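Listed here are the chains, written in short residue letters.
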Amino acid sequence: MTADNSCAAPHITANMPIGVFDSGVGGLTVLRALRRALPNEDFLYLGDTARLPYGTKSGATVARYALQTTRVLVDIGVKLLVVACNTASSVALPGLAEAYPGLPVIGVVEPGARAACQNAPRSRIAVIATGGTVRGAAYQAAILRLMPQATIATRPAQLFVSLAEEGWTEGSVVEDIARRYLDPLMAEFPEGGPDCLVLGCTHFPLLAPAIRSVLPQGVRLIDSAETTAQCVADELCARGLVKEGAGPGTARFFATDDPERFARVGEIFLGEGIATADVTLVDL
């Protein structure tokens, strides 16, 4: 599927909503941060639930999916796109920029890398993510652009995705799984471990207490959601696209499969209820 340039700069206005997409519900943690940072803005959120997880797909496939999901949001009308998926952020941004040159596009990898570098006084950074994000090495590249001297270690932690979606976020089972993932990763940093651990998947913040419980003392957790929200706010200001007027913004939800499950699982990530009737099924 080939996207067109229907969202060129002259067609964007400040009162249009912000588009957010993810492979499923994990990106709702990013939407949650965005709504806190930008309470007056309107949002469209699309979860590609029919084709998740993206983390096990090839980069070419994920890039194609990203173009297709973005087309839906662009056709409705958005002023800025947030790629609230680490895997898609790692491979799809160049294609989206080429397809929609007038549309500001912000992924979650660059803001997360920036936050990691700001919290790494010894330049020692660990990253956990899905297999696709780790294979794409996007975090390593982004961190090294900012901090060439950084020591970086990465590890895929795919089971964390399933645990988060089941709502299994604490307890001995979760901590045991976290330990199996993190102990070998921490061992790559002798003498006290890394400075920080990047949660390189939008599902992982839900498991933060369990993850923190098995980390060496002093290792900071980096969740890119808050940094991404600030990046979006800065971009809107720079482009003069802050929504005019006052009052709370709205959020509309779209899914490519099973709106009922999207609503049920999504409220875990969004932190508030989502009515099934408020989730529109879309066909890509």
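See the structure printed just above.
From a predicted model like this one, the values you see are computed outputs, not experimental measurements.

Looking at the environment of Tyr 45
You can see Tyr 45 is positioned in strand β2 (residues 43–47). When its relative accessible area of 0% is taken as the criterion, Tyr 45 is described as buried. At a separation of 3.3 Å, a polar atom in the side chain of Tyr 45 contacts the main-chain amide nitrogen of Gly 27. Within the local environment of Tyr 45, its side chain forms a polar contact with the backbone nitrogen of Leu 28, the two atoms lying 3.4 Å apart.

A closer look at the side chain of Ser 123
Take Ser 123: it is sitting in the loop between α5 (109–118) and β5 (124–129). Once residues lying within four places of it in the same chain are set aside, the contact partners of Ser 123 are Met 147, Gln 149, Ala 150, Thr 151 and Asp 195.

So, the pairing of strand β8 (residues 220–223)
Where strand β7 (residues 196–200) lies against β8, four bridges are found, and the strand directions are parallel. By the bridge assignment, Val 198 is partnered in β8 with Ile 222. Assessed by its sense of winding, the connection that carries the chain from β7 through helix α10 (residues 208–213) to β8 is right-handed.

Notes on the nonpolar core
The biggest cluster of nonpolar side chains holds 56 residues, and the ones touching the most others in it are Phe 21 and Leu 28. Of all the elements, helix α2 (residues 59–76) adds the most residues to this core, at six residues. Apart from residues no more than four positions distant in its own chain, Leu 28 is found in contact with Tyr 45, Phe 253, Phe 262, Gly 266, Phe 269, Leu 270 and Ile 274. Within the second largest apolar cluster, 27 residues are counted, among which are Ala 153, Val 174, Ala 208 and Val 214.

Observations concerning the environment of Leu 185
Inspection of the secondary structure puts Leu 185 in helix α9 (residues 172–187). Taking relative accessible area as the criterion, Leu 185 reaches 0% and is therefore assigned buried. Between the alpha carbons of Leu 185 and Asp 223 there is a distance of 18 Å; along the sequence they are 38 residues apart. When neighbours within four sequence positions are excluded, Leu 185 is seen to be in contact with Ala 126, Val 127, Ile 128, Ala 153, Thr 154, Arg 155 and Leu 197.

A look at the sheet that holds strand β6 (residues 151–156)
Spatially, β6-β5-β7-β8 is the arrangement adopted by the four strands of the open sheet, whose pairing is parallel. Unpaired on one side and paired on the other, β6 and β8 mark the two borders of the sheet. Along the sheet, successive strands turn relative to each other by an average axial angle of 25°, direction set aside. Bridge count for β5 against β6 is six bridges, and the pairing is parallel. Its bridge partner being in β6, Ala 126 is matched across the sheet by Ala 153. Contacting β5, β6 and β7, helix α7 (residues 138–146) crosses the sheet at an angle of about 165° to β6.

About the cut-offs
- Residues numbered from 1 in each chain as written.
- Predicted model: local features only at pLDDT ≥ 70, side-chain atom pairs only at ≥ 80, totals over all residues.
- Heavy atoms only, no water.
- Helix = DSSP H or I, 4+ residues; strand = E, 2+ residues; numbered from the N terminus.
- Buried < 20%, exposed > 50% of the residue type's maximum accessible area, 1.4 Å probe, protein only.
- Polar contact = N/O pair within 3.5 Å; in protein donor to acceptor, adjacent residues only side chain to side chain.
- Contact = heavy atoms within 4.5 Å.
- Pairing = 2+ DSSP bridges.
- Right-handed = clockwise from strand over helix to strand, strands pointing away.
- Core = buried A, V, L, I, M, F, W, Y, C linked by side-chain atoms within 4.5 Å.
- Axes fitted to C-alpha atoms, helices over the stretch in contact; angles between N-to-C directions.

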